[in-house]
Amino acid sequence: DGLISMKEWKSYFKEAAETIAAEMEEKGTSDFEQQVRLRGHAMKTNAAKSRRNRKTAYNKDPWLLQMKEKQAIMKHEEDFRRRVTDKLMTLQETESFTFGREWLCDVDGKLSPVRRSVIVEEVAEKLRLFSLPSPALVDLKSLHRSISMTVDSKEESEMEYSLLPYLSISQEEGSFTPSGTDPGSILVMNLTEYAQEIEDQLDNIPLHSSMTFSNALVETQRAVIQLLAQRQGLVAVMESRGANQELVVYNVASNFVQNIEIQLNGLRQNEGCMFNEDLSPEETKLVRVLSENMGFLTTRNSDGTLSAFNLQDFANEVRDQLTALPIGEEVRIAIGTKTEEQQLMVFRLIQELGLEAREEGTKKSREVIISNLVQFLSTAKEKMIAAQDGEMLEFILPPQEKQQVAFFDLAKDYAFECVDRVNTNDGVEAHLIRMAVEKTSLAQRRRRSSIVKQASKTDLEEVVPIIKPPTPDPDDAEVESTSSSEGLEDSSQATSLSFEELPEPIQRNTGEGLVARVFQQYASGRWIGQTLFLRYSDLKGFAEDLKYVTPNVDTKLYRFTGMFEYVFEDTLQLQIDMGVRVRHGLTLEWFQIFLQKIILRLGMEFVPVLFRLLEDADWTA
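Residues numbered from 1 in each chain as written. Predicted model: local features only at pLDDT ≥ 70, side-chain atom pairs only at ≥ 80, totals over all residues. Heavy atoms only, no water.

Novice: Kindly report on the overall build of the chain, identifying the contributing residues and their values.
Specialist: Helix and strand counts for the chain stand at 24 helices and 18 strands. Per-residue burial for the chain yields a buried fraction of 38% across its 621 residues. When contacts within the chain are restricted to residue pairs at least 6 apart in sequence, long-range pairs at least 24 apart make up 66% of them. (Helix = DSSP H or I, 4+ residues; strand = E, 2+ residues; numbered from the N terminus. Buried < 20%, exposed > 50% of the residue type's maximum accessible area, 1.4 Å probe, protein only. Contact = heavy atoms within 4.5 Å.)

Novice: So what's going on with the sheet that holds strand β8 (residues 297–300)? Residues and values would help.
Specialist: Spatially, β7-β9-β8 is the arrangement adopted by the three strands of the open sheet, whose pairing is antiparallel. Two strands lie at the open edges of the sheet, namely β7 (272–274) and β8, each paired on one side alone. The average angle at which neighbouring strand axes cross in this sheet is 20°, direction not considered. Pairing of β8 with strand β9 (residues 306–309) involves four bridges; the strand directions are antiparallel. Residue pairing across strands places R300 opposite L306, the latter belonging to β9. (Pairing = 2+ DSSP bridges. Axes fitted to C-alpha atoms, helices over the stretch in contact; angles between N-to-C directions.)

Novice: Can you break down a nonpolar patch on the surface residue by residue, with the values?
Specialist: A surface patch of nonpolar side chains, about 350 Å² in accessible area, is lined by I4, M6 and W9. In this fold, M6 is placed in helix α1 (residues 6–27). (Patch = residues over 30% accessible without salt bridge, like charges linked within 9 Å, V, L, I, M, F, W, Y side chains within 5 Å. Areas by Shrake-Rupley, 256 points an atom, 1.4 Å probe, with all protein chains shown as cover. Salt bridge = Lys/Arg side-chain N within 4 Å of Asp/Glu carboxyl O.)

Novice: So what about the environment of I350? Which residues, and what values?
Specialist: For I350, the location among the structural elements is in helix α14 (residues 340–352). Along the backbone, I350 and N372 are 22 residues apart, and their C-alpha atoms lie at a distance of 9.7 Å. Ignoring anything within four residues of it in the chain, the contact list for I350 reads L322, L355, A357, V368 and I370.

Novice: Please give an account of the nonpolar core that cites residues and values.
Specialist: Ranked by internal contacts, the top residues of the largest apolar core, which has 32 residues, are F533, F542, L546, F564, F591 and F594. Among the secondary structure elements, those contributing two or more residues to this core are α20 (512–522), α21 (539–549), α22 (557–577), α23 (588–602) and α24 (606–620). Top element by residues in this core is α23. It accounts for seven residues. (Core = buried A, V, L, I, M, F, W, Y, C linked by side-chain atoms within 4.5 Å.)

Novice: How would you summarise helix α13 (residues 312–323) if you had to cite specific residues and measurements?
Specialist: Along an α-helix, residues three or four apart share an orientation, since each turn contains 3.6 residues. For α13, which comprises 12 residues, the first-to-last C-alpha distance of 16 Å matches the rise-based estimate of 16 Å (1.5 Å per residue) to within 8%. Within α13, the full set of buried residues consists of F314, A315, V318 and L322. Taken down its axis, α13 places every buried residue within 95° of arc, on the same side. Facing away from the buried side of α13, by more than 90 degrees, are the exposed residues E317 and D320. Where α13 is buried, its residues contact β10 (330–334), α14 and β12 (367–371). (Expected span 1.5 Å × (residues − 1). Arc of directions from axis to C-beta.)

Novice: Tell me what's going on with the confidence of the model for the chain, and back it up with residues and numbers.
Specialist: Per-residue confidence for the chain averages 75 on the pLDDT scale, and 71% of its residues sit at or above 70. Every residue in residues 456–510 scores below 50 in pLDDT, and together they form 40 contacts with partners more than four places removed in sequence or on other chains. (pLDDT = per-residue confidence, 0-100.)

Novice: Before we move on, could you go through the packing of α13 against α14 and cite the residues and values that matter?
Specialist: Orientation of α13 relative to α14, taken along the N-to-C sense of each, is 40°, at an axis distance of 10 Å. Classified by the angle their axes make, α13 and α14 are oblique. α14 is crossed by α13, and the crossing has right-handed handedness. The residues of α14 that touch α13, namely those facing F314, A315, V318, R319 and L322, are Q342, M345, V346, L349, I350 and E352. Grouping the constituent residues of the contact of α13 with α14 by class yields eight nonpolar, one polar and two charged. (Parallel < 35°, antiparallel > 145°, perpendicular 65-115°, else oblique. Left-handed = near helix turned anticlockwise from the far one by under 90°. Nonpolar A, V, L, I, M, F, W, Y, C, P; charged D, E, K, R; others polar.)

Novice: Can you tell me about the pairing of strand β17 (residues 530–534), naming the residues and giving the values?
Specialist: For a regular strand, side chains alternate in direction, first toward one face of the sheet and then toward the other. Bridge count for strand β16 (residues 525–527) against β17 is three bridges, and the pairing is antiparallel. Following the sheet pairing, W527 is matched in β17 by Q530. The turn joining β16 and β17, which pair antiparallel and follow one another in sequence, is formed by two residues; a positive phi near 50° is taken by I528. Sheet analysis places β17 next to strand β18 (residues 585–586), joined by two bridges and oriented antiparallel. Bridged to L534 within β18 is G585.

Novice: Give a detailed account of unusual backbone geometry, specifying residues and quantitative values.
Specialist: Most peptide bonds take the trans form, and the phi angle of most residues other than glycine is negative. The backbone of R128 shows a phi angle near 60°, a positive value even though the residue is not glycine. For R128, the position within the fold is in the loop between α6 (113–126) and β2 (130–133). Owing to a relative accessible area of 57%, R128 belongs among the exposed residues under this scheme.

Novice: How would you explain the packing of helix α11 (residues 256–265) against helix α12 (residues 281–293) if you had to name every residue and give the values?
Specialist: Two elements in contact, α11 and α12, have axes separated by 11 Å at closest approach and are oriented at 45°. Compared by their axis directions, α11 and α12 come out oblique. Classified by chirality, the crossing of α12 by α11 is right-handed. Between α11 and α12, the residues in contact are F256, V257, I260 and L264 and E283, L286, V287, L290 and S291, respectively.

Novice: I'd like a rundown of the pattern of salt bridges, residues and numbers included.
Specialist: Taken as a whole and assessed by the stated rule, the structure comprises 13 salt bridges. With a shortest N-O distance of 3.1 Å, R82 and D79 are connected by a salt bridge. On the criterion of helical spacing, the pair formed by R82 and D79 is a turn pair, its members being three residues apart in helix α4 (residues 62–88). Assessed through its relative accessible area of 47%, R82 is described here as partly exposed. For D79, a relative accessible area of 27% translates into the label partly exposed. Residue E367 is joined to R332 by a salt bridge in which the shortest nitrogen-to-oxygen separation is 2.9 Å. Taken together, the positions of E367 in strand β12 and R332 in strand β10 put the pair 35 residues apart, joining distant regions of the chain.

Novice: I'd like a description of the side chain of E125, backed by residues and values.
Specialist: Mapped onto the elements, E125 comes out in helix α6. For the buried E125, no salt bridge exists, and the shortest N-O distance to an oppositely charged side chain is 6.6 Å, to R231. Once residues within four sequence positions are removed from consideration, E125 is found in contact with M159, E160, Y161 and S162. (Lys, Arg positive; Asp, Glu negative; His and termini not counted.)

Now the structure itself:
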């Protein structure tokens, strides 16, 4: 009938009043007060139209000027927020963008860098993009809050997509890391699909189980996994396996980790505790990781339970003593009078620091003799002495920096060069190649021969006068290549020969045969039975020789060699991408591709250049 009851009428206005109150609370009472005061100013200004001086006074009211300044700042914020939104909306999956000083710093702007960074984080949160402020920007925010003595609720609100608790900004270049970032900057990454994939994997972890992620992940990917694991109530910890760091996510009870940490933190020095038998295998593993991350000693008892001991003071004392041990020296530590746990800690520190140990004595007179790389350097020296030129050796590097310096000094003394390092579960594996003790390029040998011949020619001219040969008849003369003072063909004519102009015997030696001969001449590397063309020892000599036989191409050797290095790295990466897992040099097949790229860049005929290289090599043989 179109009528409503009084109860419905009051209920409607009650809900309307609550809605208005909520909107006012959301906008803030200050906005409401500003509107009231603005309305009062407008009324006073209209009443004072006939009195110009009063109107001017109203327009110069400090409150009004401050309010106009706030409105200008709000307009700048809206404009900046719109710019940031437009920029982030263009990011595709795995793409990132760094908001540096050109975005956060504006001399003529109304917004501070701190406020601009907050807006960037808010927009990133709204778009569900991951953000990472630099340490310098975080420090600037803390300083700004301490000076202003005010805390912005937006700044203090927890960011669901901020990677700051798990990662500090990196200067490395890549899909997930910023490139050349400013010290005060903020990185925003679009990892939506990757995050969804990780969330699906984390949802499938059963209770009392774990999932191990590949150690090939970059730091940003690990930070995303840790963030998502914490959001789902899981526990993510880093576990060391040799030189590798693996991220393991555990699905345990919500208060399990908290109870374990309380129990471990309650241990005093030289005290221990035993964990009950009800732990699952994954929980037992997690307890061991948490205990060792705190520097405690963890042992497994005969009944399968775990015990943790707080030996931090003892471990620090022994660690300082062993770290100060010089290379090649020994030290004795009496362990017969120490507890079983302390003895285990000593041997664990020996293994951690990459030292060597042997025991002497029995019972209370038992001692451990600890040496620093005595046996390791002796064994490495024997291998290096027995190695041939171009042979590749592999060594697991010791963990300490000074130990690695001593090892590489030894390798340098025996003409070894490190070409690669690989992280393995046993440690960092170094690949060293034996360089030739004295390796003279073809161009250097040609120059030496030229100097010797020129000196002999000068001595001969001082004794015997030079007699010019008779001028040949032009009609009877055959077309011959001009000879230099050494009796060699001019290189500019040699490089201009086409394939059809070469003699027939040379044509029969073209193609793979010539490439194989050039490869055999310059390749000096050996890797698992294969011959390799190496970057460090072979490329420079090859570049010098090719520069010598093509003198009209480039007059600057450093530009010539730089182009070679660029093409070499490009071909080497292509070789790896195509399934040939050799990173130390080029095989014969890929050396041919490298050679074709080089000669194509020089703009010359392929076969004549190869023939010229082999011809000069035969001449100097």
